[in-house]
Every structure is written in C-alpha cells, then in structure tokens.
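Spelled out from the first residue to the last, the chains are:
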Amino acid sequence: MSERIRSKLPTDDVAQLRSRAMVDRDPDALIDTLYRTAVVADSGYDPEAFSLLRWGLNDPDSLVRRVALLAVSITCWPEFIGLLDEVSANDPVGEVRDQAGRVRDLLENGTGKGGTSR
C-alpha cells in the first residue's frame, strides 16, 4: 500500500522533511510532513525518521500528536513501543492516550515490519 502512495506522491528525503517541519509551524504542513515521513520511512527503520515522528508525538497540538501516532502505526517499528507507553500514560488528552495504547498493542502483537529486533 505505501509503495503505491509513494509512487503517486512527490517524496522528499527525511532530512528535507525535518527541515520543513522545523520551519513551518502550520498544523496542516506538520501533518503533511508526518504523513510523508511515514511513507518515506516505510521501507525500514530510519533513525532520522524515528526522531521526526517522536518529535510529532510531543507536539503541543493534539491533532498533530494523533497524526504522528497514525504515522507510527504505518511504520510498524517496534522501537516506538517505549514512547507509546509514555504517551498512553502521560498525554493530557484522553483520545491521544487511547490511540497511543492501540498503536502500541498493534506494534507489540508482532505486526511490525522493518524494525530492529529487541
């Protein structure tokens, strides 16, 4: 699925996406950047993409955090499990906490692909 999306969208590398996210604080631009990061990073664990998505999980805007959670679920990287535990325990918004728990369960149940083994 992500391969089809990748072939239809103009894609940037993770460094370009990070630059865009740091410059443009518009929520719509940040959301677009998070989606694009997940699509670019779907081929396997990438520390820069991990860092960018982790940053999205801590954004002040709860919608951006929820999109970051969706992006994390697209990557299926088990490396996010510890962060998802933190979000599900500490995020100030109940919907974000609940979504983080569901994404964590998805990754914990072995549906992850491309991550490193723990």
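In this report, we go over the structure that sits alongside the text. (Residues numbered from 1 in each chain as written. Predicted model: local features only at pLDDT ≥ 70, side-chain atom pairs only at ≥ 80, totals over all residues. Heavy atoms only, no water.)

**A few points about the pattern of salt bridges**
Using the criterion set out here, one finds five salt bridges in the structure. We note a salt bridge from Asp 32 to Arg 36, for which the minimum N-O separation is 2.8 Å. In this pair, Asp 32 and Arg 36 are both assigned in helix α3 (residues 27-41), four residues apart and thus about one turn of the helix distant. What makes Asp 32 partly exposed here is its relative accessible area of 31%. A relative accessible area of 17% places Arg 36 in the buried class. (Salt bridge = Lys/Arg side-chain N within 4 Å of Asp/Glu carboxyl O. Helix = DSSP H or I, 4+ residues; strand = E, 2+ residues; numbered from the N terminus. Buried < 20%, exposed > 50% of the residue type's maximum accessible area, 1.4 Å probe, protein only.)

**Let's talk about the environment of Val 72**
With respect to the helices, strands and loops of the structure, Val 72 is situated in helix α5 (residues 62-75). Residue Val 72 is classed as buried on the basis of its relative accessible area of 0%. Along the sequence, Val 72 and Tyr 35 sit 37 residues apart, while their C-alpha atoms lie 9.4 Å from each other. In this structure, Val 72 is in contact with Leu 53, Leu 57, Trp 77, Phe 80, Leu 84, Val 103 and Leu 107, ignoring residues within four places of it in sequence. (Contact = heavy atoms within 4.5 Å.)

**What about the packing of α3 against helix α4 (residues 47-57)?**
How two helices pack is summed up by the angle between their axes together with the distance between the axes. For the pair α3 and α4, the least separation of the axes is 10 Å and the interaxial angle reads 145°. In this structure, the crossing between α3 and α4 has a hand that is left-handed. From α3, Leu 30, Thr 33, Leu 34, Thr 37 and Ala 41 reach across to α4, where they touch Ala 49, Leu 52, Leu 53, Trp 55 and Gly 56. Split into classes, the residues belonging to the contact of α3 with α4 amount to seven nonpolar, three polar and no charged. (Axes fitted to C-alpha atoms, helices over the stretch in contact; angles between N-to-C directions. Left-handed = near helix turned anticlockwise from the far one by under 90°. Nonpolar A, V, L, I, M, F, W, Y, C, P; charged D, E, K, R; others polar.)

**Regarding the packing of aromatic side chains**
Using the criterion set out here, one finds four aromatic pairs in the structure. With a centroid separation of 5.1 Å and 65° between ring planes, the pair formed by Tyr 45 and Trp 77 is classed as edge-to-face. Of this pair, Tyr 45 sits in the loop between α3 and α4 while Trp 77 is found in the loop between α5 and α6 (81-90), placing the two residues 32 residues apart along the sequence. Following the ring pairs from residue to residue traces out a cluster consisting of Tyr 45, Phe 50, Trp 77 and Phe 80. (Phe/Tyr/Trp six-rings, centres within 6.5 Å; stacked < 30°, edge-to-face > 60°.)

Without other data, these values stay purely geometric and don't point to any function.
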